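Spelled out, the chains give:
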Amino acid sequence: MADLSARDIERANFVFSIYDFEGNQTVDAVNLGDMLRALNLNPTLATIEKLGGTKKKNEKKLKIDEFLPIFSQVKKDKEQGNFDDFLECLKLYDKEENGKMMSAELAHTLLSLGERLSDAETEEILADCMDKEDDDGFIPYEPFLKKMMA
């Protein structure tokens, strides 16, 4: 935790206070992933579970002195992608180099690469984040990615 700056600790305390719904200086471990994402990190579901996140409410509570080391560890993790990393991946599907890709390819990518999504999760993300297809079935992928990572 010594590697966290005063600003990092301040931000972590602020996020912790938002997720302390009961006001008792604890947060539900089911919210661990959301808290880390609120701090601009992108941990995988496996990482969240490994660090103590739970899938059900009220299974486990975390105090701030337990959360800060988790934040520090995830912050150091090099295996998380950022916007530029994901943008470079989607550019591989941009055959004409015009900022567009086929929406079917995007759906296939979400279903099959990395931390795989279910059909329902993929449909929800596409409905929420994807712009309308053009007449040829292409969509601009950068706005999609910005919406998805927001």
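The rules behind each value
Residues numbered from 1 in each chain as written. Predicted model: local features only at pLDDT ≥ 70, side-chain atom pairs only at ≥ 80, totals over all residues. Heavy atoms only, no water. UniProt positions renumbered as here; feature names shortened; annotations may be inferred. Helix = DSSP H or I, 4+ residues; strand = E, 2+ residues; numbered from the N terminus. Buried < 20%, exposed > 50% of the residue type's maximum accessible area, 1.4 Å probe, protein only. Phe/Tyr/Trp six-rings, centres within 6.5 Å; stacked < 30°, edge-to-face > 60°.

Draft legend 1. Inspection of the UniProt feature "domain: EF-hand" (unreviewed entry) in the protein chain at higher detail. In this structure's numbering, the residues bearing the UniProt feature "domain: EF-hand" (unreviewed entry) are residues 7-42. When the span residues 7-42 is considered, its composition is 56% helix and 8% strand, and the gap between its end C-alpha atoms is 19 Å.

Draft legend 2. View of unusual backbone geometry. Even without glycine at this site, Asn-40 takes up a positive phi of about 65°. Considering the arrangement of structural elements, one finds Asn-40 in the loop between helix H2 (32-38) and helix H3 (45-50). Residue Asn-40 is classed as exposed on the basis of its relative accessible area of 65%. Within the chain, Asn-58 stands out as a residue other than glycine whose phi angle is a positive 65°.

Draft legend 3. Broad picture of the packing of aromatic side chains. Counted by the stated rule, this structure contains three aromatic pairs. Aromatic side chains Phe-16 and Phe-67 sit 6.1 Å apart centroid to centroid with 40° between the ring planes, which places their arrangement in the tilted category. Of this pair, Phe-16 sits in helix H1 (residues 6-19) while Phe-67 sits in helix H4 (residues 64-76), and the two are 51 residues apart along the sequence. For Phe-16, a relative accessible area of 5% corresponds to the buried category. For Phe-67, a relative accessible area of 0% corresponds to the buried category.

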